[in-house]
Amino acid sequence: MSGSPPSDRTVGSALQSLERRAGAILRARPAYKEPVEFYLTVFRRQIERAAEVCVRPEPVEPEQARQSLREGVPLIERYDPGLDVESLRSLWTEMKGLFRRGNDVLRSVVQRLDEAEHGGRFDAGLWLLEQRPWRPESVAQVAAGLGIGHEALAALAWATTYPHWQRIARSWLPGDRLGEWQRGRCPACAGPVKLAELHGDPPGEGGVTGGARMYLHCAFCGARWTVPPMQCPHCSSRRAGDAKYYFTTAEPELRIDFCGSCRRYLKTVDGDRIEGPVHAYLEWLASAHLDTLAEEKDLVPLECKA
Ligand SMILES: [Zn+2]
Ligand SMILES: [Zn+2]
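For every chain, the first residue of its written sequence is number 1, and the numbers climb from 1 along that sequence. Here the convention is simple: chains get letters from A, ligands get numbers from 1, in the order in which they are written. Predicted model: local features are reported for residues with pLDDT of at least 70 only, side-chain atom pairs are reported and counted for 80 or more only, and whole-chain, interface and lining totals are derived from all residues.

Quick word on the confidence of the model for the protein
Then, number 1: Values of pLDDT, ranging from 0 to 100, describe the predictor's confidence in every residue of the model. Of all residues in the protein, 92% attain a pLDDT of 70 or more, and the chain-wide mean is 91.
Then, number 2: Counting from the N terminus, the helices are the DSSP runs of H or I reaching at least four residues and the strands are the DSSP runs of E reaching at least two. Across the protein, the element-wise mean pLDDT spans from 87 in strand E4 (residues 243-246) up to 98 in helix H4 (residues 85-100).

As for unusual backbone geometry
Then, number 1: Phi angles above zero are rare outside glycine, and Ala190 is one such case at about 70°.
Then, number 2: Put simply, a residue is buried when 20 or more other C-beta atoms lie within 10 Å of its own C-beta and exposed when 12 or fewer do; between those, it is partly exposed, and each C-beta is set from the backbone. Judged by the 19 C-beta atoms lying within 10 Å of it, Ala190 is partly exposed.
Then, number 3: Non-glycine residue Asp298 carries a positive phi angle of around 60°.
Then, number 4: Here Asp298 shows up in the loop between helix H10 (288-296) and strand E7 (300-301).

What about the nonpolar core?
Then, number 1: Take the buried Ala, Val, Leu, Ile, Met, Phe, Trp, Tyr and Cys residues, join any whose C-beta atoms are within 7 Å, and the set you get is a nonpolar core. Counting residues in each nonpolar core, the largest one holds 72 residues, and the members touching the most others are Ala169, Ala188, Cys189 and Cys221.
Then, number 2: Sequence-distant contacts of Ala169, defined by excluding residues within four places in its chain, comprise Ala188, Cys189, Cys221, Gly222 and Ala223. Residues are treated as contacting if the C-beta atoms built from their backbones sit within 7 Å of each other.

Observations regarding the domain arrangement of the protein
Then, number 1: Note that the domain bounds reflect an automated or database-derived domain assignment. Taken domain by domain, the protein consists of domain 1 (8-172) and domain 2 (193-301).
Then, number 2: A separation of 24 Å is found between the C-alpha centroids of domain 1 and domain 2.
Then, number 3: The partner domain 2 presents 12 residues to the 18 residues of domain 1 that form the contact.
Then, number 4: Mapped onto the side of domain 1 that touches domain 2, the elements with two or more residues apiece are helix H1 (8-28), helix H2 (33-49) and helix H8 (150-172).
Then, number 5: Tallying contributions element by element places H1 first for the side of domain 1 that touches domain 2, with six residues.
Then, number 6: Looking at the side of domain 1 that touches domain 2 residue by residue, the class counts come to 13 nonpolar, two polar and three charged. In this classification, Asp, Glu, Lys and Arg are treated as charged, Ala, Val, Leu, Ile, Met, Phe, Trp, Tyr, Cys and Pro as nonpolar, and every other residue, Gly included, as polar.

As for the pairing of strand E1 (residues 193-199)
Then, number 1: Among the seven residues that make up E1, six are buried, leaving the element largely enclosed by the rest of the structure.
Then, number 2: In the sheet, E1 pairs with strand E2 (residues 213-218) via six bridges, with the strands oriented antiparallel. Within the sheet, the bridge partner assigned to His199 lies in E2 and is Arg213.
Then, number 3: The pairing criterion is simple: DSSP has to find at least two bridges between the two strands. With three bridges connecting them, E1 and strand E6 (residues 264-270) associate as parallel partners.

Examining H8
Then, number 1: Helix span, as expected, comes to 1.5 Å for every residue beyond the first. The end-to-end C-alpha distance of H8, which contains 23 residues, comes to 31 Å, matching closely the 33 Å that a straight helix rising 1.5 Å per residue would cover.
Then, number 2: The bend reported for a residue corresponds to the angle between axes fitted to the seven residues ending at that residue and the seven starting there. At Thr161, H8 is bent by approximately 40°, the largest bend along its length, and proline Pro163 sits one to four residues beyond.
Then, number 3: Here H8 lies mainly inside the structure; 19 of its 23 residues are buried.

Laid out in structure tokens, this is it:
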């Protein structure tokens, strides 16, 4: 049923496939041990709490969704996500507990936040209610005001809001019925693309993958939608030779897809080589070395605005 809480069985199998994939990643890329092990505590909690978070998204009929997408309008621009401040507050408190146990930096960030909240200088619930993927400056402002690290605060906010937005996106866009949407931002929340997932024919000479299916992932709400594999999600170029990629035989399930015309890139995982559903944030986190490689090649992440 669309937008309904996941069942115990779904939770169990999601946890299992997360553990399996994280184990495989750590065997292949042990350098990611610290961040992956910390984030696993966050991902597990998100999966366990997914059934309990409270959201009341405005109902969107399938035809309304299709209409909005045909017009190129993400649903968040037309419909109320129905976030619940108490639910956000409750998960925020839990997530702070995990971050407090993370490392010294995270501990001191949580301590600052606690002081600001107890002193009435910061209302996390109201702030989280207003979080949107196109307002990253809201994180930067609070971080600067409280004298804490921007990245840690962004991670904590994401840890809390994600299960809420995931339920909203699933209610608005059940399944993969998103043929009308071929853009480089999320059809549900208008967030940036974090990762691509490829299925089908293995790449041939020059990267042409005729029968392949390509999905894009939003990490803000967890939505996944299909796009044509040979079209740039940034500049829409379909010119022969513009769709390019880098990969190494040492990491057959990972590659960088980029556009020869606008130089935007996306990290892509081979969905056929991964068991279970792709966890976009885990894959993104454990592939930071590809971002370094892309930077050396003068490529720009797809999610950058300018
Ligand atoms: Zn989204
Ligand atoms: Zn392009």
